Amino acid sequence: MQKNSFRDKLYLSVLGIFLIFAAAFIFFQRSREKQFKVETLELKLQDFNHYLTELLPPDSIDKARLEDFIRRHATPNMRITLIRPDGTVVYDNKYKNYASLPNHSNRKEIREALKRGAASTVDRRSSTLNADYFYSATYFPDRHIVIRSALPYDNELTDSLRTDRHYLWFALAAIIVLTIVLYRFSNRLGENINKLNIFATRASHNESLETEDLAVFPDDELGEIAERIIKLYKQLQTTRQEQDRLKRELTQNISHELKTPVASIQGYIETILSNPQISEDTKHQFLENCYAQTKRLSALLLDISTLNRMDHAPEPAAKEMIDINKLTADILAQTALQLQQHAMTFRNLLPEGIRVEGDRSLIYSIFRNLTDNAIAYAGEGTTVTLGATKDKNHWHFTFMDNGVGVGNEHLARLFERFYRVDKGRSRKLGGTGLGLAIVKNAVLKHGGTISVRNNEGGGLRFDFSLKA
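Parameters at a glance
Residues numbered from 1 in each chain as written. Predicted model: local features only at pLDDT ≥ 70, side-chain atom pairs only at ≥ 80, totals over all residues. Heavy atoms only, no water. Helix = DSSP H or I, 4+ residues; strand = E, 2+ residues; numbered from the N terminus. Axes fitted to C-alpha atoms, helices over the stretch in contact; angles between N-to-C directions. Left-handed = near helix turned anticlockwise from the far one by under 90°. Contact = heavy atoms within 4.5 Å. Nonpolar A, V, L, I, M, F, W, Y, C, P; charged D, E, K, R; others polar. Buried < 20%, exposed > 50% of the residue type's maximum accessible area, 1.4 Å probe, protein only. Arc of directions from axis to C-beta. Salt bridge = Lys/Arg side-chain N within 4 Å of Asp/Glu carboxyl O.

Brief notes about unusual backbone geometry
With glycine set apart, most residues show a phi of negative sign, and most peptide bonds adopt trans.
And step 1. Unlike most non-glycine residues, His144 shows phi in positive territory, near 55°.
And step 2. Residue position: His144 is located in the loop between β4 (131-140) and β5 (145-152).
And step 3. The backbone of Ala343 shows a phi angle near 55°, a positive value even though the residue is not glycine.
And step 4. With respect to the secondary-structure elements, Ala343 resides in the loop between α9 (336-341) and β7 (345-348).

Here it is as structure tokens:
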């Protein structure tokens, strides 16, 4: 109902404006055309008056010659009157007893002619002949005479002054065409609004949008816009559903990851509490295991906190210039013992002077997590190599090892949260399953890209970039 109301209001409003414009145009055109015809007729009568005055001697009137001229050149039924400036009628071709005519100084056209030289009156009734005339008077001061020519305002003259009706038919045709075009336009607009109204109603009630009445839209710009709005909403709805699914999976994974160390700690403590006679060596071992599990919990909570911070912050919070050479040197010093325990070699081939702007803790997490991942999974006696090159806007880093690598089917999912190639081995090694997810998010936050692939000779290769 709302659609029809809007469509009808739009249709009637635009049509009403056009009709007002058309009426104003017709009125103006009629007035302009009538005025043009009156001016043309007046000019014709004025020319006749000037032509006639050439026959008049300066001080007298040759009536025979005058009547002969009028008979040969005047329009049928034309009335010609000669009047002195004082209003005395000295000749009239329609009223032979003109000497008895009253003074004409009060006639409108005479008064105006004496003032301005020429004047006319449309549709003035003659009190002498008791008929309506179109008068045109011209004053000739050098001859002391006013010549007034007049045509009876009868049907013939009325027809000649009547405006042309062709443009009226043109205006009517234009109104009909506009009415049809406007109706079609408003109808299509109403159809689009109706579909959007259906879409809004169903969206607000979480109803299905996969219905026939929302499948096809009119083939115009408005229909295309309406269709794109609905498609965009469907995409957002799909994205929201996917986000809800990922949140559920994340919650389940976090719950599962927390459950394992908590259950292990609880089991060790219960064993110690329920067996007072347990040996000190066993108790010490159990406490060491509890401590290891608490470290795992701390690492997991720290990684979750890091990911949440990146998810909710559009850009790195605290930007500063970071010396990558010093940062990687600190990481190598911190992991030297672990590398030594695994008989691993770390080849740092970074050129000097690498500096990037960003969040120090996130940049640190990139290189630290890649190093920890290599130590945990590359294998004993392997070599880790870190190198970099620079283009105009980015530093491009390569972090690779010559270890066992992973199956190609796992490569696409390595950056997923809590994804593990070997779940049992990963948990045994103390991994949280979030390290590579943190690496990817930190790289993206700093305007870079990252990819992973297997080396031809074995091992993994990570290629990532950071803005210079």
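Looking at the packing of helix α10 (residues 360-377) against helix α13 (residues 435-445)
And step 1. Relative orientation of the contacting elements α10 and α13 amounts to 145°, with a least axis distance of 9 Å. Considering how the two elements wind past one another, α10 and α13 form a crossing that is left-handed. Facing α10, whose interface residues are Leu362, Ser365, Ile366, Asn369, Leu370 and Asn373, α13 presents Gly435, Leu436, Ile438, Val439, Ala442 and Val443.
And step 2. The class makeup of the residues in the contact of α10 with α13 is eight nonpolar, four polar and no charged.

Digging into helix α3 (residues 108-116)
And step 1. Among the residues of α3, Glu109, Ile110 and Ala113 are the ones counted as buried. Buried residues of α3, viewed axially, fall in a sector of 100°; they line one side. More than 90 degrees from the buried face of α3, the exposed residues found are Lys115 and Arg116.
And step 2. Two residues or fewer after α3 comes Gly117, characterised by a positive phi angle close to 95°.

Thoughts on helix α2 (residues 63-73)
And step 1. Every buried residue of α2 is listed here: Leu66, Phe69 and Ile70. Projected onto a plane normal to the axis of α2, the buried residues spread over an arc of 100° and lie on a single side. Those residues of α2 that are exposed and aimed more than 90 degrees away from the buried face are Ala64, Arg71 and Arg72.

Description of the pattern of salt bridges
And step 1. Summed over the entire model, instances satisfying the criterion amount to twelve salt bridges.
And step 2. Here Glu280 makes a salt bridge to Lys283, at a shortest N to O gap of 3.7 Å. Taken together, the residues span about one helical turn, with Glu280 and Lys283 both in helix α7 (residues 280-312) at a distance of three residues.
And step 3. With a relative accessible area of 57%, Glu280 lands in the exposed category.
And step 4. Where Arg461 meets Asp463, a salt bridge forms, and the shortest distance between an N and an O atom there is 3.1 Å.
And step 5. Within this structure, Asp68, Arg71 and Arg72 form a network of salt bridges that share partners.

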